[in-house]
Amino acid sequence: MAAQHKRKWSHDVTEHSDALDLEEHIFESDDPKKIAASLKRSAEHSHRRKAEPFQSAMSMLNFYINRAGKNLPQKQKKVLEDAKDELRAAFGRDRQD
């Protein structure tokens, strides 16, 4: 029961974040640029976030990757990791190699 509750909790965060209004199913996209653009839009338009837009967007992306864990298919994990670089570029930050 506890594991089921945790899954529900993390799913709840990505579906109903208190900081960002996320586009529905955005983390299921196979386009890193689309994911980054959506997260950037959400972060810049949010009035509830506690950090700067870049940090809020990157935190949500990392949260999703970490919470999906081994249930995340390798192909989708690569897309989401690539989305980090696209997010950095969208905010004018240096890409990390």
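Look up a bit, the structure's there.
Q: How should the environment of Asp30 be read in this particular structure?
A: Residue position: Asp30 is located in the loop between helix H1 (2-15) and helix H2 (32-45). Residue class for Asp30 comes out exposed when judged on its relative accessible area of 64%. Separated by 50 residues in the primary sequence, Asp30 and Leu80 have C-alpha atoms spaced 8.4 Å apart.

Q: Explain the nonpolar core here, please?
A: Within soluble globular proteins, side chains that are nonpolar generally end up buried alongside one another. In terms of nonpolar packing, the biggest core is built from 21 residues, with Phe27, Ile35, Leu39, Leu61, Leu80 and Leu87 touching the most fellow members. Listing elements by their share of this core, those giving two or more residues are H2, helix H3 (53-68) and helix H4 (74-90). The element contributing the most residues to this core is H3, with seven residues.

Q: Sorry, what's going on with unusual backbone geometry here?
A: Note: most residues except glycine have negative phi, and most peptide bonds are trans. Positive phi, normally seen in glycine, also occurs at His25, with a value near 60°. Position of His25 among the secondary structure elements: in the loop between H1 and H2. Exposure remark for His25: the relative accessible area of 47% places this residue in the partly exposed category.

Q: Hey, could you run me through the packing of aromatic side chains in this one?
A: When we look at a pair of aromatic rings, we describe it by the centre distance and by the angle of the planes. In this structure the tally under the stated criterion is two aromatic pairs. Note on Phe27 and Tyr64: the rings are 4.3 Å apart at their centroids and 10° apart in plane angle, and the pair reads as stacked. Separated by 37 residues along the polypeptide, Phe27 in the loop between H1 and H2 and Tyr64 in helix H3 bring together distant segments of the chain. Pairing Phe54 with Phe91 gives two aromatic rings, centres 5.5 Å apart and planes at 70°, and the pair type is edge-to-face. With Phe54 in helix H3 and Phe91 in the segment after H4, this residue pair connects regions lying 37 residues apart in the sequence. Owing to a relative accessible area of 14%, Phe54 belongs among the buried residues under this scheme. Positioned above the aromatic ring of Phe91, the side-chain terminus of Lys40 is 5.3 Å from the ring centre.

Q: Could you clarify how one ought to interpret the pattern of salt bridges in this entry?
A: One side chain can pair with another of opposite charge once the charged atoms of both are near each other. Under the criterion given, the structure shown has six salt bridges. Between Lys78 and Asp82 there is a salt bridge; the shortest N-O distance is 2.9 Å. Of this pair, Lys78 and Asp82 both sit in helix H4, four residues apart, which is roughly one turn of the helix. The partner of Asp85 in a salt bridge is Arg88, with the nearest N and O atoms 3.0 Å apart. One end of the pair, Asp85, and the other, Arg88, are both in helix H4, three residues apart, so they sit about a helical turn from each other. Each of the two residues, Asp85 as well as Arg88, counts as buried.

About the thresholds
- Residues numbered from 1 in each chain as written.
- Predicted model: local features only at pLDDT ≥ 70, side-chain atom pairs only at ≥ 80, totals over all residues.
- Heavy atoms only, no water.
- Helix = DSSP H or I, 4+ residues; strand = E, 2+ residues; numbered from the N terminus.
- Buried < 20%, exposed > 50% of the residue type's maximum accessible area, 1.4 Å probe, protein only.
- Core = buried A, V, L, I, M, F, W, Y, C linked by side-chain atoms within 4.5 Å.
- Phe/Tyr/Trp six-rings, centres within 6.5 Å; stacked < 30°, edge-to-face > 60°.
- Lys NZ or Arg CZ within 6 Å of the ring centre and 35° of its normal.
- Salt bridge = Lys/Arg side-chain N within 4 Å of Asp/Glu carboxyl O.

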